[in-house]
Amino acid sequence: MRFKKLTLIATSLSIAGLGGLNLAQAATEIRVAYGNQPGEPVDVAVKEWAENVEQASDGELTLSAFPASQLGSETDVMEQARFGSPIITITAYSNFMSSVPDLSVLDAPYLADSFDDKLKVFESEWFAEQSQKVEEAGYHIVIPNTVYGTRHLLSREPATTPEELDGVKIRVQNSPMYVEAMRSMGATPTPMSLGDVYPALAQGMVDGVENPTPVLFGGKFHEVVKHLNLTGHMNTVAPFVTGQAFWDQLSEENRQILTDTGQDMAAHLRELVEKESDVALQKLKDAGVEVHEVDTQPFRERAAEQVPAAFPKWSDGLYEQVRQIING
């Protein structure tokens, strides 16, 4: 009798252990990769997103944050995602240039006057069609509408007109869209990594740099050049993307959890970005930077003419079509 009781207890423990193992196996860990440093708005928002996902899924889903490009470059991480790894990464719409060319127009300069205007595009039939093409290319856009920041120009001399930018060397990231944006504004674009900008400015290799104000202040570029031109040439909105193969493996409930909590994260991130942008602008002023208001109309006209011509892969009339969706 005692032997039977022991056997039953052992069997019960084994079943309980297997149940625990199954629960552990059911939990899905998703790595969230981004190049932003710890403490920056993206990092803060992603970590809060992770808490919300775990709570909403009762621990069935977990997000693990990997800031500062720990998992590799954007290109590397996008490839990992496309081949089925459980990864979500923030990227640029211009990085879809080779797979879904028309989508890259969302990074073009002077598409919108404000983020409220630009966000209209994500409710359009045009964007729904582009999203379908993204899925056919092996990706899935989890969060399309993450506000990243308004980009301005910090330069050695005032640069408020295309004429004043003529021959001025401006650092840009190594992206065809960013190169063409500066070229259309009248400058001489000079691609280089952000880490090389400070010495390049100090040595006169470049005359300026463009980015949102928190990046401009954080890089201490104002120690070398003292003119901030409020060109507002890009209201950058970035997507969080995963691979379609991995997305298809998730349950409908978990996909909805990631989508809903992701929208909450995007709303909070916008608040963080806008607050930090204002703080950084004041810090630049306090550091002796002269801030110049800019009549953007001449820049807008040049962008509308020159940018579409630089991208023959785009559909005819694409730039104006998307501007009309946003501003119409």
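Just above, that's the structure.
Residues numbered from 1 in each chain as written. Predicted model: local features only at pLDDT ≥ 70, side-chain atom pairs only at ≥ 80, totals over all residues. Heavy atoms only, no water.

Quick notes on the overall build of the chain
Part 1 of the reasoning: Counting its secondary structure elements, the chain contains 13 helices and nine strands.
Part 2 of the reasoning: Principal axes of the C-alpha set define a box for the chain whose edges measure 95 × 45 × 30 Å.
Part 3 of the reasoning: The 328 residues of the chain split such that 47% are buried.
Part 4 of the reasoning: For the chain, contacts bridging at least 24 residues in sequence account for 77% of all contacts bridging at least 6.
Part 5 of the reasoning: For the chain, the accessible surface area stands at approximately 15,500 Å², while carbon and sulfur atoms represent 50% of it. (Helix = DSSP H or I, 4+ residues; strand = E, 2+ residues; numbered from the N terminus. Buried < 20%, exposed > 50% of the residue type's maximum accessible area, 1.4 Å probe, protein only. Contact = heavy atoms within 4.5 Å. Areas by Shrake-Rupley, 256 points an atom, 1.4 Å probe, with all protein chains shown as cover.)

Brief notes about the packing of helix H2 (residues 41–56) against helix H11 (residues 252–286)
Relative placement of two packed helices is described by the angle separating their axes and the distance separating the axes.
Part 1 of the reasoning: At a minimum axis distance of 9 Å, the contact between H2 and H11 shows a crossing angle of 155°. When the axis of H2 is compared with that of H11, the two are roughly antiparallel. The crossing of H2 and H11 is right-handed. Seen from H2, the contacting residues are Pro41, Val42, Val44, Ala45, Val46, Glu48, Trp49, Asn52, Val53 and Ala56; seen from H11, they are Ile257, Leu258, Thr261, Gly262, Met265, His268, Leu269, Leu272, Val273 and Glu276. (Axes fitted to C-alpha atoms, helices over the stretch in contact; angles between N-to-C directions. Parallel < 35°, antiparallel > 145°, perpendicular 65-115°, else oblique. Left-handed = near helix turned anticlockwise from the far one by under 90°.)

Some points on the layout of surface pockets
Part 1 of the reasoning: Within this model, the second largest pocket holds a volume of roughly 360 Å³.
Part 2 of the reasoning: Of all the secondary-structure elements, those providing two or more residues to the lining of the second largest pocket are helix H4 (115–118), strand E4 (139–155), strand E8 (227–243) and H11.
Part 3 of the reasoning: Broken down by element, the lining of the second largest pocket gets its largest block of residues, six residues, from H11.
Part 4 of the reasoning: Its residues placed into classes, the lining of the second largest pocket shows seven nonpolar, 10 polar and six charged. (1 Å grid on protein atoms, 1.4 Å probe; cavity = no way out; pocket = protein on both sides within 12 Å on 5 of 7 lines; lining within 4 Å. Points joined across faces, edges and corners; volume = space filled by probe spheres on them. Nonpolar A, V, L, I, M, F, W, Y, C, P; charged D, E, K, R; others polar.)

Focus: empty space enclosed by the protein
Part 1 of the reasoning: This structure, assessed with the given rule, holds one cavity of 30 Å³ or more.
Part 2 of the reasoning: If you go around the largest cavity, the residues you meet are Ala108, Tyr110, Leu111, Ala112, Lys118, Gly232, His233, Met234 and Asn235.
Part 3 of the reasoning: When residues of the lining of the largest cavity are assigned to their parent elements, the largest contribution, four residues, is made by E8.
Part 4 of the reasoning: Its residues assigned to classes, the lining of the largest cavity shows five nonpolar, three polar and one charged.

Side note on the packing of helix H12 (residues 297–309) against helix H13 (residues 318–327)
Part 1 of the reasoning: Where H12 contacts H13, the two axes come as close as 9 Å, and the packing angle between them is 130°. Classed by the angle they form, the pair H12 and H13 counts as oblique. Residues Ala303, Ala304 and Pro308 of H12 form the contact with H13, whose own contacting residues are Tyr319, Glu320 and Arg323.
Part 2 of the reasoning: Split by residue class, the contact of H12 with H13 holds four nonpolar, no polar and two charged.

A look at the environment of Asp102
Part 1 of the reasoning: Among the secondary structure elements, Asp102 is positioned in the loop between strand E3 (87–90) and H4.
Part 2 of the reasoning: On the accessibility criterion, Asp102 (8% relative accessible area) is buried.
Part 3 of the reasoning: A C-alpha to C-alpha distance of 7.6 Å links Asp102 and Gln130, two positions 28 residues apart in sequence.
Part 4 of the reasoning: Residues within four places of Asp102 in sequence aside, it is in contact with Trp126, Gln130, Lys313, Trp314, Ser315 and Leu318.

Focus on helix H7 (residues 176–184)
Part 1 of the reasoning: Burial of H7 is extensive: seven of the nine residues sit out of reach of the surface.
Part 2 of the reasoning: The complete set of buried residues in H7 reads Met177, Tyr178, Val179, Glu180, Ala181, Met182 and Ser184.
Part 3 of the reasoning: Phi turns positive one or two residues past the end of H7, at Gly186, with a value near 110°.

Things to note about the packing of aromatic side chains
Part 1 of the reasoning: Per the counting criterion, the structure on display carries seven aromatic pairs.
Part 2 of the reasoning: An aromatic cluster of at least three residues, connected via ring pairs, comprises Tyr93, Phe122 and Phe127. (Phe/Tyr/Trp six-rings, centres within 6.5 Å; stacked < 30°, edge-to-face > 60°.)

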